[in-house]
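Reading the structure
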Amino acid sequence: MTRVAGAWPGIAALRCCCCCSRFSRLWDSGSASPCHRSGSTENIKGSMIEDNETPGRTRANLDETDQSEKLCLDQEHFPGKAVQQDYHMPDVITIRVQADSDSFQDVIVKIERPTYQKPFLGGFKNRITGVEFHNAGSQTIPKKPPDKGILVFCRETQTVFEKNKRQQTTNTTSTQMTKTGLYVSNKTDKLISPGKYFTAEEYNKRRLEAVIVLQRYFRRWHATNIVQKLREEKRLRLEWETQDELERKKEKEEKLRREHERRLNPKTKGDFELLYHALELWRQEETEQINRTLTGAERKAALCGLLEQEAQLIASIGRHKLNADEENRQKAILHFLNKCAQPKRWKAYDGKITEMDTQYTLRARELLEIYCSISMSDIPQDERIDVLLTVKCTVKEHECKLTQEIMELIDREIDLMSREVKECNLEGLRKRICTLFLQFIKIPKFNPEVARILKVPPDPLKLYKNVNCCQSCKNYLSSTAFPIPANSRTTGRCRLCCKLDNEARRRETFLKYKLILEKLRKSEADYQDDAKIVFLLQHQDLQYLIEKIWGCQSALSACSDLYDLVMVRWDKQHEWSPWNTILLTKDEADAHLKLCDLQKAYEAAFIHRIKHKHIRAKNCFAQIPAMTSFLQGSENQTNANEFLIATPIPTGTKT
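Keep in mind it's a predicted model, so treat the numbers as computed, not measured.

Considerations on the overall build of the protein chain
On a plain count of helices and strands, the protein chain comes out with 19 helices and 14 strands. Taking all 655 residues of the protein chain together, 27% fall into the buried category. Pairs at least 24 residues apart make up 56% of the contacts formed inside the protein chain by residues separated by at least 6 positions. Surface summary for the protein chain: the accessible area is close to 47,300 Å², and the carbon and sulfur share equals 53%.

What to know about a positive patch on the surface
Together, K269, K455, R495, K499 and K514 line one region of the surface with positive charge. Here K499 shows up in helix α11 (residues 495–506). With a relative accessible area of 32%, K499 lands in the partly exposed category.

Quick word on the confidence of the model for the protein chain
When pLDDT is averaged along the protein chain, the result is 78, and 77% of the positions lie at 70 or above. Per-element averaging of pLDDT across the protein chain places strand β2 (residues 41–42) at the bottom with 36 and helix α4 (residues 200–264) at the top with 93. Scored below 50 in pLDDT, residues 1–84 makes 132 contacts in the model with residues more than four places away or belonging to other chains. Every residue in residues 635–655 scores below 50 in pLDDT, and together they form 36 contacts with partners more than four places removed in sequence or on other chains.

Observations regarding the pattern of salt bridges
Under the defined criterion, the tally for this structure stands at 30 salt bridges. R452 is the partner of E449 in a salt bridge, and the nearest nitrogen-oxygen pair spans 2.6 Å. Taken together, the shared-partner salt bridges in this structure form one network comprising E280, R283, E310 and R507.

Overview of helix α14 (residues 539–549)
With respect to burial, α14 is a largely interior element, 8 of its 11 residues being buried. For α14, the set of buried residues is H539, D541, L542, Q543, Y544, L545, I546 and I549. Summarising the contacts, the buried residues of α14 are in contact with α12 (511–527), β13 (565–569), β14 (581–585) and α17 (604–621). With its phi angle positive at about 70 degrees, G551 sits one or two positions after the end of α14.

Concerning helix α8 (residues 381–395)
Its 15 residues place the ends of α8 21 Å apart at the C-alpha level, agreeing with the 21 Å of an ideal helix rising 1.5 Å per residue. Buried residues of α8: R384, V387, L388, V391, T394 and V395, and no others. Seen end-on, α8 carries its buried residues on one side only, within an arc spanning 120 degrees. Packed against the buried residues of α8 are α7 (359–375), α9 (401–418) and α10 (427–441).

Here we look at the packing of α8 against α9
Helices that pack against each other are described as a pair by the angle of their axes relative to one another and the distance between those axes. Their axes nearest at 10 Å, the elements α8 and α9 cross at an angle of 160 degrees. Classified by the angle their axes make, α8 and α9 are roughly antiparallel. Handedness of the crossing formed by α8 with α9: left-handed. Every residue of α9 that contacts α8 at Q381, R384, I385, L388, L389, V391, K392 and V395 is listed here: T403, I406, M407, I410, D411, E413, I414, M417 and S418. Across the contact of α8 with α9, the residue classes tally to 10 nonpolar, 3 polar and 4 charged.

Section: the side chain of T581
Inspection of the secondary structure puts T581 in strand β14. One polar contact links the side chain of T581 to the main-chain carbonyl oxygen of V568, over a distance of 3.1 Å. When neighbours within four sequence positions are excluded, T581 is seen to be in contact with W550, M567, V568, R569, W570, W576 and H614.

A closer look at the packing of α14 against α17
Viewed as axis vectors pointing N to C, α14 and α17 meet at an angle of 140 degrees, and their least axial separation amounts to 11 Å. Classified by the angle between their axes, α14 and α17 sit oblique to one another. When the axes of α14 and α17 are compared, the crossing they make is right-handed. The segment α14 lies against α17, with D541, Y544, L545, K548 and I549 engaging K613, R616, A617, C620 and F621. For the contact of α14 with α17, the class distribution of residues is 6 nonpolar, no polar and 4 charged.

Details of the packing of aromatic side chains
One pass over the full model with this rule turns up 8 aromatic pairs. For the ring pair F124 and F133, a centre distance of 5.1 Å and an interplane angle of 25 degrees mean the geometry is stacked. Residue F133 is classed as buried on the basis of its relative accessible area of 11%. Between W570 and F606, the aromatic rings sit 6.4 Å apart at their centres with planes inclined by 50 degrees, giving tilted as the arrangement. Here F606 lies in helix α17 and W570 lies in the loop between β13 and β14, a separation of 36 residues in the sequence.

What counts and how
- Sequence order as written defines the numbering, with residues in each chain counted from 1.
- Local features in this predicted model are restricted to residues of pLDDT 70 or higher, and side-chain atom pairs are both shown and tallied only at a pLDDT of 80 or more, whereas totals for entire chains, interfaces and linings draw on every residue.
- Think of the side-chain values as coming from all heavy atoms in the structure, minus any hydrogens and water.
- Strands here mean DSSP runs of E at least two residues long; helices mean DSSP runs of H or I at least four residues long; both are numbered from the N terminus.
- Any residue under 20% of the maximum accessible area for its type is buried, any over 50% is exposed, and the rest in between are partly exposed; the area is computed with a 1.4 Å probe on protein chains only.
- Note on contacts: a residue pair qualifies if any of its non-hydrogen atoms lie within 4.5 Å across the two residues.
- Each accessible area value is a Shrake-Rupley result obtained with a 1.4 Å probe; residue values ignore everything except the protein chains displayed when judging cover.
- Exposure above 30% relative accessible area and the absence of a salt bridge qualify a residue for a patch, where like charges join within 9 Å and nonpolar side chains (Val, Leu, Ile, Met, Phe, Trp, Tyr) within 5 Å.
- Just to be clear on terms, a salt bridge is a Lys or Arg side-chain nitrogen sitting within 4 Å of an Asp or Glu carboxyl oxygen.
- The charge count includes Lys and Arg as positive and Asp and Glu as negative, but it does not include His or the ends of the chains.
- A single reference atom marks each charge: NZ on Lys, CZ on Arg, CG on Asp, CD on Glu.
- Within a predicted model, pLDDT stands for the predictor's per-residue confidence, ranging from 0 to 100.
- Residue count minus one, scaled by 1.5 Å, sets the expected span of a helix.
- Picture the helix axis, draw a direction to every C-beta atom, and the arc is the one those directions span.
- Only C-alpha atoms enter the line fits that serve as axes; for helices the fit covers just the stretch in contact. Angles between N-to-C directions range over 0 to 180 degrees.
- Between 65 and 115 degrees an angle is taken as roughly perpendicular, under 35 as roughly parallel, over 145 as roughly antiparallel, and anywhere else as oblique.
- Each crossing gets its handedness from the near helix: less than a right angle anticlockwise from the far helix is left-handed, clockwise is right-handed.
- For this classification, Asp, Glu, Lys and Arg are treated as charged, while Ala, Val, Leu, Ile, Met, Phe, Trp, Tyr, Cys and Pro are nonpolar and the rest, including Gly, are polar.
- Residues adjacent in sequence count toward polar contacts only when both atoms are side-chain atoms; beyond that, a polar contact is any pair of N or O atoms within 3.5 Å, and within protein one must be able to donate a hydrogen and the other to accept it.
- The rule is short: rings of Phe, Tyr and Trp, with Trp giving its six-membered ring, pair when the centres are within 6.5 Å, and they are stacked under 30 degrees, edge-to-face over 60, tilted in between.

Structural data, given as structure tokens:
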């Protein structure tokens, strides 16, 4: 900004826009700046300077302007010569203004520095010298309007209220027709005849009829889409039901096939339970048929024949059990040795599994490989001798009675093989060597890794803890060898005695109840609400709950197939317990767990019947000491005390 100020009251204003680097040279030549705005300036007397008048300069500032002009001329005429110094505009300059035709006045001009960064206004570049010139602008500071004491800028004066109104303006048109001296072709003309005039009521009536037609077609299209959607949903539903029925049928056939296979080739305890249970069912059917059809001596003879057949079947089952026990024993040994030889594993922070072998795991793996080699049969004689020598070198490292016996047996077998003894005669000797070497592996002194897996602790003093006496076989066993129901107060008989008693007398199968209990525990673990009661119950307790309380059938559909029944929570907001459960099929259980309000979903009579079963279960399991703490926090404790029902104790348990 540039302000022209003199020693008198009048102030002259200059307004121009020029290149700052050429300002002095162009001004001195008396020509206007390249971007000089046309206009006039006010002189000291208040009169205006015309466009053809030019202000002059005094000698006081001639040196400064000449220096600037010299710099600019040097750059124009001598582009190769470097400029020694830059031009700096002084704060005050004096200019001469022509007042009259023969008089001049000196005016002092004060240069005011801008307090802000001026915007870039463009410019140009000299292609020869490479010097850049920027456009510059100057403007005098505008005068501030006097303060009138009235608020000028307000919402009422600034807000614009617009109002739209339709107007129908006239449209001037023209027509042309044939006249004298002018011919207009009518080849493309059309003959338009006026139609029938109809009123506004008729027009609205026609529009209403058209709208009705449109609605009719739209509703037909919408109804067609709805029908097609329902038809597609029905088709998908029928396909799903058909597929579900096929899957159920296939699953049932697969279950029957597995049961048949398990009866033909029993291998586990559950398989033999099914086999004895099927034998008991067959015996009961045959006995009932004999009692119904025969009498007297014939009946006794038929019962004796039935007893002989039963004894033969029991002997056959016993032979299968011996074979299965031997096979299971070998699998258990290999599983035990593999567990000892497994490396140490842990999960890192990123989820990756890290494995590490120690000297103990490597030792266990070496012994496992030797045991697998010595247990192999039908191998050449030279390979067998190499295996025996490897075993001998392994056990020779430790001197004891067991290792000496193993080395003696190995020398005996090598001697017998050198005499060409038949392999069938060496079978007993080889089994004895395998058994002794397995004992060698199970000693923690020779295989340190086995110490953390053995059930019998190395310290004999630990055997006196948690040891109970079986009331049937009079053997002292650990507490894990006793099946202890939830309502039992003593250990009773061990698992082996209970198994023998079941095979000889009742021949019941607990496989179905074990499956139901396993599914129940898995579902309770998925809730992650620290459920405890379900893990206190045994399959005997669940059997009593299903048979005596729920009648071995679904509460909704009365389905009696235990393979398809599951137990779930009655109120899913609370922990499962015998007084907060319901027996349903798998599909019914899935639908039941999706309900939010049981009072609205079921009828009052059904809810009353379920509550009645819950009270019966509570009265039975209230006798169990472990359930006392859970019963204290139950919401239905008061109702249970008011409505007591005598419930028998489950058979086969002691209180």
